[in-house]
Amino acid sequence: MNTAPAAPEAPFVPGTTRSFQYDAFHAARALTDLVARLYAEAMGEDYPAEVAASSSCDWPLLGLMAARLRMNPGQLLVDAGCGTGGIGLWLARALAVRLDGFDLSPVAVAQATARRPHFLAATADRAVFRVAELENTGLPTAHAHGIVCVDAIGRAADRGAALCELGRALAPGGRLLVTRALRRGAEPAWHQQVAAAGLAQEHLDERPQEPAVWERLYRLWIAHGDQLRRELGQAAAGAMLREAHQVLPTLPGRRAVLLTLRRLPRTEGSPETATRMAGLSPPAGRPAFTERTPQ
(Lines give C-alpha, C1' and ligand atoms only; values in the text may rest on other atoms or scores of the structure.)
Protein backbone atom coordinates (compact mmCIF):
# COMPACT_ATOMS: atom_id res chain seq x y z
CA MET A 1 0.00 0.00 0.00
CA ASN A 2 1.16 3.50 -0.78
CA THR A 3 2.14 5.25 2.44
CA ALA A 4 3.49 8.66 3.40
CA PRO A 5 7.17 9.37 2.64
CA ALA A 6 9.46 7.49 4.98
CA ALA A 7 10.58 9.41 8.03
CA PRO A 8 14.32 10.00 8.45
CA GLU A 9 16.16 7.12 10.05
CA ALA A 10 17.88 9.30 12.62
CA PRO A 11 19.62 7.76 15.64
CA PHE A 12 17.19 7.16 18.48
CA VAL A 13 17.83 9.69 21.23
CA PRO A 14 15.08 9.57 23.87
CA GLY A 15 13.75 12.81 25.29
CA THR A 16 12.19 13.27 28.69
CA THR A 17 11.01 10.35 30.80
CA ARG A 18 7.41 11.10 29.85
CA SER A 19 8.30 11.04 26.16
CA PHE A 20 10.35 7.85 26.21
CA GLN A 21 7.54 5.51 25.12
CA TYR A 22 6.55 7.82 22.27
CA ASP A 23 10.17 8.32 21.20
CA ALA A 24 10.64 4.56 20.99
CA PHE A 25 7.41 4.09 19.03
CA HIS A 26 8.13 6.79 16.46
CA ALA A 27 11.77 5.76 16.02
CA ALA A 28 10.76 2.14 15.47
CA ARG A 29 7.85 2.97 13.16
CA ALA A 30 10.22 4.90 10.87
CA LEU A 31 12.03 1.65 10.07
CA THR A 32 9.05 -0.35 8.81
CA ASP A 33 5.67 0.13 7.12
CA LEU A 34 4.06 -2.58 9.26
CA VAL A 35 2.31 -0.19 11.64
CA ALA A 36 0.94 1.89 8.77
CA ARG A 37 -0.35 -1.26 7.07
CA LEU A 38 -2.18 -2.31 10.23
CA TYR A 39 -3.75 1.13 10.62
CA ALA A 40 -4.80 0.98 6.95
CA GLU A 41 -6.35 -2.46 7.43
CA ALA A 42 -8.27 -1.30 10.51
CA MET A 43 -9.61 1.86 8.85
CA GLY A 44 -10.16 0.57 5.33
CA GLU A 45 -11.09 3.26 2.80
CA ASP A 46 -11.21 5.87 5.58
CA TYR A 47 -7.42 5.63 6.12
CA PRO A 48 -5.59 8.80 4.95
CA ALA A 49 -2.34 7.13 3.91
CA GLU A 50 -0.50 10.39 3.29
CA VAL A 51 -1.22 11.63 6.81
CA ALA A 52 -0.19 8.32 8.43
CA ALA A 53 -1.12 9.48 11.92
CA SER A 54 -0.75 7.31 15.01
CA SER A 55 -4.28 8.18 16.09
CA SER A 56 -7.93 7.74 15.13
CA CYS A 57 -7.60 10.41 12.43
CA ASP A 58 -9.47 9.33 9.29
CA TRP A 59 -10.85 11.00 6.18
CA PRO A 60 -14.16 11.96 7.84
CA LEU A 61 -12.33 13.64 10.72
CA LEU A 62 -9.99 15.56 8.40
CA GLY A 63 -12.90 16.92 6.42
CA LEU A 64 -14.86 17.79 9.53
CA MET A 65 -11.91 19.64 11.09
CA ALA A 66 -11.30 21.65 7.93
CA ALA A 67 -14.94 22.74 7.96
CA ARG A 68 -15.17 23.46 11.69
CA LEU A 69 -11.98 25.56 11.83
CA ARG A 70 -13.33 28.13 9.34
CA MET A 71 -9.87 29.64 8.93
CA ASN A 72 -8.73 32.20 6.36
CA PRO A 73 -5.57 31.82 4.23
CA GLY A 74 -2.45 33.02 6.02
CA GLN A 75 -3.83 32.59 9.54
CA LEU A 76 -1.99 30.50 12.15
CA LEU A 77 -3.02 26.94 12.98
CA VAL A 78 -1.54 25.10 15.97
CA ASP A 79 -1.34 21.29 15.99
CA ALA A 80 -1.15 20.40 19.69
CA GLY A 81 0.35 16.96 20.30
CA CYS A 82 1.20 16.80 16.62
CA GLY A 83 3.09 13.49 16.56
CA THR A 84 4.85 13.19 13.21
CA GLY A 85 2.93 16.16 11.83
CA GLY A 86 0.68 14.64 9.19
CA ILE A 87 -2.61 16.08 10.46
CA GLY A 88 -1.36 19.65 10.83
CA LEU A 89 0.53 19.57 7.53
CA TRP A 90 -2.51 18.25 5.64
CA LEU A 91 -4.70 20.98 7.13
CA ALA A 92 -2.08 23.68 6.51
CA ARG A 93 -1.96 22.71 2.83
CA ALA A 94 -5.75 22.38 2.49
CA LEU A 95 -6.52 25.69 4.20
CA ALA A 96 -3.45 27.66 3.02
CA VAL A 97 -2.54 28.58 6.59
CA ARG A 98 0.65 28.76 8.62
CA LEU A 99 1.37 25.94 11.06
CA ASP A 100 2.95 25.72 14.51
CA GLY A 101 3.08 22.11 15.71
CA PHE A 102 4.42 20.79 18.99
CA ASP A 103 4.76 17.40 20.64
CA LEU A 104 6.24 15.87 23.75
CA SER A 105 8.47 13.58 21.66
CA PRO A 106 11.67 15.02 20.13
CA VAL A 107 11.79 12.05 17.75
CA ALA A 108 8.29 12.80 16.44
CA VAL A 109 9.14 16.51 16.08
CA ALA A 110 12.23 15.70 14.01
CA GLN A 111 10.18 13.44 11.74
CA ALA A 112 7.45 16.06 11.36
CA THR A 113 10.01 18.68 10.40
CA ALA A 114 11.42 16.38 7.72
CA ARG A 115 7.93 15.83 6.23
CA ARG A 116 7.26 19.52 5.54
CA PRO A 117 8.49 19.60 1.91
CA HIS A 118 6.25 16.68 0.93
CA PHE A 119 3.13 18.60 1.94
CA LEU A 120 4.14 22.23 1.41
CA ALA A 121 6.93 22.02 -1.22
CA ALA A 122 8.58 25.44 -1.66
CA THR A 123 6.50 26.95 1.17
CA ALA A 124 7.71 24.43 3.76
CA ASP A 125 9.01 27.25 5.96
CA ARG A 126 5.45 28.27 6.80
CA ALA A 127 5.33 25.24 9.13
CA VAL A 128 7.44 24.85 12.27
CA PHE A 129 7.60 22.00 14.77
CA ARG A 130 9.06 22.01 18.27
CA VAL A 131 9.10 20.11 21.56
CA ALA A 132 6.56 21.27 24.15
CA GLU A 133 3.85 19.93 26.44
CA LEU A 134 0.12 20.53 26.36
CA GLU A 135 0.24 22.12 29.81
CA ASN A 136 3.16 24.38 28.83
CA THR A 137 3.02 25.17 25.12
CA GLY A 138 5.31 28.19 25.06
CA LEU A 139 2.79 29.93 22.78
CA PRO A 140 2.05 33.64 23.21
CA THR A 141 -1.38 34.60 24.53
CA ALA A 142 -4.10 35.00 21.87
CA HIS A 143 -1.61 33.78 19.25
CA ALA A 144 -3.47 31.12 17.23
CA HIS A 145 -6.48 31.50 14.97
CA GLY A 146 -7.16 27.76 15.20
CA ILE A 147 -5.91 24.79 17.24
CA VAL A 148 -6.40 21.08 16.69
CA CYS A 149 -5.66 18.43 19.32
CA VAL A 150 -6.33 14.90 18.10
CA ASP A 151 -6.19 12.01 20.60
CA ALA A 152 -3.68 13.86 22.76
CA ILE A 153 -5.47 15.66 25.59
CA GLY A 154 -6.60 12.37 27.14
CA ARG A 155 -2.94 11.62 27.86
CA ALA A 156 -2.12 15.00 29.40
CA ALA A 157 -0.95 14.95 33.01
CA ASP A 158 -3.72 17.47 33.80
CA ARG A 159 -6.48 17.72 31.18
CA GLY A 160 -8.01 20.82 32.73
CA ALA A 161 -4.67 22.63 32.81
CA ALA A 162 -3.98 21.57 29.22
CA LEU A 163 -7.32 22.92 28.02
CA CYS A 164 -6.75 26.21 29.86
CA GLU A 165 -3.31 26.53 28.28
CA LEU A 166 -4.64 25.89 24.78
CA GLY A 167 -7.49 28.32 25.42
CA ARG A 168 -5.02 30.98 26.55
CA ALA A 169 -3.15 30.67 23.24
CA LEU A 170 -6.33 31.06 21.18
CA ALA A 171 -7.14 34.46 19.65
CA PRO A 172 -10.63 35.96 20.19
CA GLY A 173 -13.04 34.27 17.80
CA GLY A 174 -10.61 31.40 17.18
CA ARG A 175 -11.60 27.76 17.46
CA LEU A 176 -10.07 24.83 19.33
CA LEU A 177 -10.93 21.34 18.03
CA VAL A 178 -10.40 18.49 20.49
CA THR A 179 -11.21 14.78 20.23
CA ARG A 180 -12.64 13.42 23.47
CA ALA A 181 -14.20 10.17 24.65
CA LEU A 182 -16.43 8.98 27.47
CA ARG A 183 -18.69 6.11 28.42
CA ARG A 184 -21.95 6.15 26.46
CA GLY A 185 -24.70 7.62 28.62
CA ALA A 186 -22.23 9.28 30.98
CA GLU A 187 -22.30 13.01 31.70
CA PRO A 188 -19.33 14.67 29.92
CA ALA A 189 -16.54 15.55 32.32
CA TRP A 190 -15.25 18.40 30.16
CA HIS A 191 -18.02 20.99 30.76
CA GLN A 192 -16.30 22.62 33.74
CA GLN A 193 -12.90 22.41 32.01
CA VAL A 194 -14.27 24.24 28.97
CA ALA A 195 -15.82 26.95 31.16
CA ALA A 196 -12.62 27.36 33.21
CA ALA A 197 -10.67 27.86 29.99
CA GLY A 198 -12.96 30.74 29.02
CA LEU A 199 -14.26 28.88 25.97
CA ALA A 200 -17.74 28.16 24.63
CA GLN A 201 -18.83 24.87 23.09
CA GLU A 202 -19.85 25.59 19.50
CA HIS A 203 -20.31 22.07 18.13
CA LEU A 204 -20.24 18.50 19.39
CA ASP A 205 -19.87 16.02 16.52
CA GLU A 206 -20.31 12.32 17.18
CA ARG A 207 -17.72 9.89 15.79
CA PRO A 208 -19.67 6.61 15.90
CA GLN A 209 -17.11 4.54 13.96
CA GLU A 210 -14.12 5.43 16.17
CA PRO A 211 -14.48 2.71 18.85
CA ALA A 212 -14.78 -0.04 16.22
CA VAL A 213 -11.62 1.23 14.51
CA TRP A 214 -9.65 0.97 17.76
CA GLU A 215 -11.04 -2.51 18.38
CA ARG A 216 -9.97 -3.72 14.93
CA LEU A 217 -6.57 -2.08 15.27
CA TYR A 218 -5.84 -3.50 18.71
CA ARG A 219 -6.85 -6.99 17.60
CA LEU A 220 -4.54 -6.64 14.61
CA TRP A 221 -1.68 -5.59 16.89
CA ILE A 222 -2.26 -8.64 19.06
CA ALA A 223 -2.55 -10.98 16.07
CA HIS A 224 0.70 -9.60 14.62
CA GLY A 225 2.49 -9.45 17.97
CA ASP A 226 5.46 -11.56 16.93
CA GLN A 227 5.97 -9.57 13.73
CA LEU A 228 5.73 -6.29 15.66
CA ARG A 229 8.43 -7.50 18.05
CA ARG A 230 10.69 -8.50 15.16
CA GLU A 231 10.28 -5.29 13.17
CA LEU A 232 9.87 -2.68 15.93
CA GLY A 233 11.82 -4.24 18.77
CA GLN A 234 10.66 -5.47 22.14
CA ALA A 235 10.34 -2.04 23.80
CA ALA A 236 8.07 -0.39 21.23
CA ALA A 237 6.08 -3.53 20.43
CA GLY A 238 5.67 -4.38 24.10
CA ALA A 239 4.21 -0.94 24.85
CA MET A 240 1.76 -1.27 21.94
CA LEU A 241 0.63 -4.72 23.01
CA ARG A 242 0.18 -3.68 26.64
CA GLU A 243 -1.99 -0.80 25.49
CA ALA A 244 -4.05 -3.10 23.27
CA HIS A 245 -4.73 -5.55 26.10
CA GLN A 246 -5.51 -2.75 28.60
CA VAL A 247 -7.82 -0.64 26.41
CA LEU A 248 -9.70 -3.35 24.48
CA PRO A 249 -11.99 -4.24 27.43
CA THR A 250 -12.93 -0.55 27.83
CA LEU A 251 -14.10 -0.01 24.23
CA PRO A 252 -17.65 -1.47 24.43
CA GLY A 253 -19.96 1.46 25.14
CA ARG A 254 -17.31 4.04 24.29
CA ARG A 255 -18.59 7.34 22.87
CA ALA A 256 -16.15 9.41 20.79
CA VAL A 257 -16.72 13.02 19.77
CA LEU A 258 -15.07 16.04 18.23
CA LEU A 259 -15.52 19.17 20.34
CA THR A 260 -15.39 22.55 18.64
CA LEU A 261 -14.69 25.23 21.23
CA ARG A 262 -14.53 28.94 20.56
CA ARG A 263 -12.69 31.71 22.38
CA LEU A 264 -15.29 34.00 23.90
CA PRO A 265 -15.14 37.54 22.47
CA ARG A 266 -15.53 39.26 25.86
CA THR A 267 -13.41 39.17 29.00
CA GLU A 268 -14.05 36.41 31.48
CA GLY A 269 -15.59 38.86 33.96
CA SER A 270 -18.27 40.18 31.62
CA PRO A 271 -21.95 39.31 32.31
CA GLU A 272 -22.31 37.60 28.93
CA THR A 273 -19.33 35.39 29.55
CA ALA A 274 -20.47 34.50 33.07
CA THR A 275 -23.90 33.50 31.77
CA ARG A 276 -22.52 31.34 28.95
CA MET A 277 -19.96 29.72 31.23
CA ALA A 278 -22.63 28.86 33.79
CA GLY A 279 -24.64 27.19 31.07
CA LEU A 280 -21.79 24.77 30.36
CA SER A 281 -21.61 23.38 33.90
CA PRO A 282 -22.92 19.85 34.47
CA PRO A 283 -25.96 19.32 36.68
CA ALA A 284 -25.24 19.39 40.40
CA GLY A 285 -24.39 16.04 41.90
CA ARG A 286 -23.45 14.38 38.61
CA PRO A 287 -20.13 12.52 38.81
CA ALA A 288 -17.17 13.14 36.52
CA PHE A 289 -16.11 10.26 34.26
CA THR A 290 -12.61 9.14 33.43
CA GLU A 291 -11.52 9.38 29.83
CA ARG A 292 -8.89 7.14 28.24
CA THR A 293 -7.56 8.12 24.83
CA PRO A 294 -5.80 5.31 22.96
CA GLN A 295 -2.42 5.72 21.28
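The rules we used
Residues numbered from 1 in each chain as written. Predicted model: local features only at pLDDT ≥ 70, side-chain atom pairs only at ≥ 80, totals over all residues. Heavy atoms only, no water. Helix = DSSP H or I, 4+ residues; strand = E, 2+ residues; numbered from the N terminus. Contact = heavy atoms within 4.5 Å. Areas by Shrake-Rupley, 256 points an atom, 1.4 Å probe, with all protein chains shown as cover. Pairing = 2+ DSSP bridges. Phe/Tyr/Trp six-rings, centres within 6.5 Å; stacked < 30°, edge-to-face > 60°. Buried < 20%, exposed > 50% of the residue type's maximum accessible area, 1.4 Å probe, protein only. Core = buried A, V, L, I, M, F, W, Y, C linked by side-chain atoms within 4.5 Å. 1 Å grid on protein atoms, 1.4 Å probe; cavity = no way out; pocket = protein on both sides within 12 Å on 5 of 7 lines; lining within 4 Å. Points joined across faces, edges and corners; volume = space filled by probe spheres on them. Nonpolar A, V, L, I, M, F, W, Y, C, P; charged D, E, K, R; others polar. pLDDT = per-residue confidence, 0-100. Right-handed = clockwise from strand over helix to strand, strands pointing away. Axes fitted to C-alpha atoms, helices over the stretch in contact; angles between N-to-C directions. Parallel < 35°, antiparallel > 145°, perpendicular 65-115°, else oblique. Left-handed = near helix turned anticlockwise from the far one by under 90°. Polar contact = N/O pair within 3.5 Å; in protein donor to acceptor, adjacent residues only side chain to side chain.

Engineer: Describe the overall build of the chain, listing the residues and the values that go with them.
Structural biologist: Looking only at helices and strands, one finds eleven helices and seven strands in the chain. Expressed as a percentage of contacts within the chain between residues at least 6 apart in sequence, the contacts between residues at least 24 apart total 75%. For the chain, the accessible area works out to roughly 12600 Å², and carbon and sulfur atoms hold 54% of it.

Engineer: For the pairing of strand S3 (residues 127-131), give the residues involved together with the corresponding values.
Structural biologist: Taken residue by residue, a regular strand's side chains alternate between the two faces of the sheet. Here strand S2 (residues 98-103) pairs with S3 via five bridges, running parallel. When the sheet's bridge partners are listed, Asp103 is paired in S3 with Val131.

Engineer: Please give an account of the packing of aromatic side chains that cites residues and values.
Structural biologist: Under the criterion given, the structure shown has four aromatic pairs. Pairing Tyr39 with Trp221 gives two aromatic rings, centres 6.3 Å apart and planes at 70°, and the pair type is edge-to-face. A residue pair is termed long-range when its members are at least 10 positions apart, and Tyr39 in helix H2 (residues 34-43) and Trp221 in helix H8 (residues 210-223) qualify at 182 residues. Classification of Tyr39 by relative accessible area gives buried; the value is 1%. Ring centres 6.0 Å apart and planes at 70° place the aromatic pair Trp59 and Trp90 in the edge-to-face group. On the criterion of sequence distance, the pair formed by Trp59 in helix H3 (residues 59-69) and Trp90 in helix H4 (residues 86-95) is long-range, its members being 31 residues apart. Trp90 sits in the buried class, given a relative accessible area of 15%. Chaining the aromatic ring pairs together yields one cluster made of Tyr39, Trp214, Tyr218 and Trp221.

Engineer: Outline the nonpolar core, listing residues and values.
Structural biologist: Ranked by internal contacts, the top residues of the largest apolar core, which has 29 residues, are Tyr39, Tyr47, Tyr218, Trp221 and Leu228. Elements supplying a minimum of two residues to this core: helix H1 (20-29), H2, H8, helix H9 (225-232) and helix H10 (234-247).

Engineer: Let's hear about the layout of surface pockets: which residues, and what values?
Structural biologist: For the largest pocket, the calculated volume is near 490 Å³. For the largest pocket, the lining is made up of 31 residues, of which Gly81, Gly83, Asp103, Asp151 and Ala152 are closest to its centre. For the lining of the largest pocket, the secondary-structure elements that each account for two or more residues are H1, strand S1 (76-80), H4 and S2. Across the lining of the largest pocket, the residue classes break down as 14 nonpolar, nine polar and eight charged.

Engineer: I'd like a description of the confidence of the model for the chain, backed by residues and values.
Structural biologist: Residue-level pLDDT values for the chain average 86, and 84% of them are 70 or greater. When the criterion is pLDDT under 50, residues 1-15 qualifies, and its contacts beyond four places in sequence or with other chains add up to 28 contacts.

Engineer: Quick one: what's the story with the pairing of S2, residue by residue and with numbers?
Structural biologist: For S2, the tally of buried residues reaches five of six residues, placing the bulk of the element in the interior. Sheet topology places S1 next to S2; five bridges connect them, and they run parallel. What sits directly across from Val78, in S2, is Asp100. Taken together, S1, H4 and S2 constitute a β-α-β crossover, and its handedness is right-handed. For the segment spanning S2, helix H5 (residues 106-120) and S3, crossover handedness is right-handed.

Engineer: Now, about the packing of H3 against H4: what can you tell me, with residues and values included?
Structural biologist: Between H3 and H4, whose axes approach to 11 Å, the crossing angle comes to 50°. For the element pair H3 / H4, the angle class is oblique. For the pair H3 and H4, the crossing hand works out as right-handed. From H3, Trp59, Leu62, Met65, Ala66 and Leu69 reach across to H4, where they touch Ile87, Trp90, Leu91 and Leu95. When grouped by side-chain class, the residues that make up the contact of H3 with H4 number nine nonpolar, no polar and no charged.

Engineer: Pulling in residues and values, what's your account of helix H6 (residues 159-168)?
Structural biologist: Looking only at H6, the buried set comprises Gly160, Ala162, Leu163, Glu165, Leu166 and Gly167. Its side-chain oxygen placed 3.1 Å from the backbone nitrogen of Gly160, Asp158 serves as the N-cap of H6.

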